[in-house]
Amino acid sequence: MPSPSLFSVHVEPQGLRFDALSGVSLVESAREAGIVLPTSCRNGTCRACLCRVLSGRANHLIEWPGLSAEEKREGCILPCVATPESALRIEVPKAFLAPIQSPLAT
Ligand code: FES
């Protein structure tokens, strides 16, 4: 099994950026960096997370992600079950930076 690689992911149009490990879903890597990508089921069926790859390559972690052949041709991915194979630029208009939680808040 190849060792995981770390890739830079840019989220447009906000200009957000996070590092993502190959083999880990983009949603999970974004969350680790404090960036929220819209999700619901997180298993590749509901399509709430559907977005487009503007540049770079991603691969799905499951065999049958809920995308049509046309959507795949257009570069759409489901980031809850997709992982990077190179540096990526993805278009996710509803992505946002998670509010920072104060350790003093109770
Ligand atoms: S969150 Fe449901 S397909 Fe990604």
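Note that the structure is a prediction, hence the values are computed from the model and not measured. Residues take numbers from 1 onward in each chain, read along the sequence in its written order. In keeping with the predicted nature of the model, local features appear solely for residues at pLDDT of at least 70, side-chain atom pairs appear and are counted solely at 80 or more, and the whole-chain, interface and lining totals rest on all residues. In computing side-chain properties, one takes all heavy atoms of the structure into account and sets aside hydrogens as well as water.

> Is there a simple way to explain the overall build of the protein in this structure?
When helices and strands are tallied, the protein shows two helices and nine strands. The N-to-C order of helical and strand elements in the protein reads β-β-α-β-β-β-α-β-β-β-β. Only C-alpha atoms enter the radius of gyration, while the globule expectation follows 2.2 Å times N to the 0.38, with N the number of residues. The globule rule puts the C-alpha radius of gyration for 106 residues at 13 Å, and the 14 Å found for the protein is close to it. In terms of its C-alpha atoms, the protein occupies a principal-axis envelope of roughly 50 × 30 × 25 Å. For the area figures, the Shrake-Rupley method with a 1.4 Å probe applies, and any residue is considered shielded solely by the protein chains shown. When the accessible area of the protein is evaluated, it comes to approximately 6500 Å², of which 54% is carbon and sulfur surface. Within the protein, the 10 negative side-chain charges are centred at a point lying 2 Å from the centre of the 10 positive side-chain charges. To qualify as a helix, a DSSP run of H or I must reach at least 4 residues; to qualify as a strand, a run of E must reach at least 2; elements of each kind are numbered from the N terminus. His is not counted, nor are the chain ends, whereas Lys and Arg count as positive and Asp and Glu as negative. In this description, the location of a charge corresponds to atom NZ of lysine, CZ of arginine, CG of aspartate or CD of glutamate.

> Help me out: how do you make sense of the sheet that holds strand β8 (residues 88-91) in this one?
Think of a sheet as strands paired side by side through backbone hydrogen bonds, with each pair either parallel or antiparallel. Strand pairing requires that DSSP identify at least two bridges connecting the strands. Spatial strand order, β2-β1-β8-β4-β6: five strands in an open sheet with mixed pairing. Strand pairing shows two members of the sheet lacking a second neighbour, β2 (16-21) and β6 (76-77), which therefore form its edges. Looking at chain direction, strand β1 (residues 6-12) and β2 are connected through six bridges and run antiparallel. Following the sheet pairing, S8 is matched in β2 by D19.

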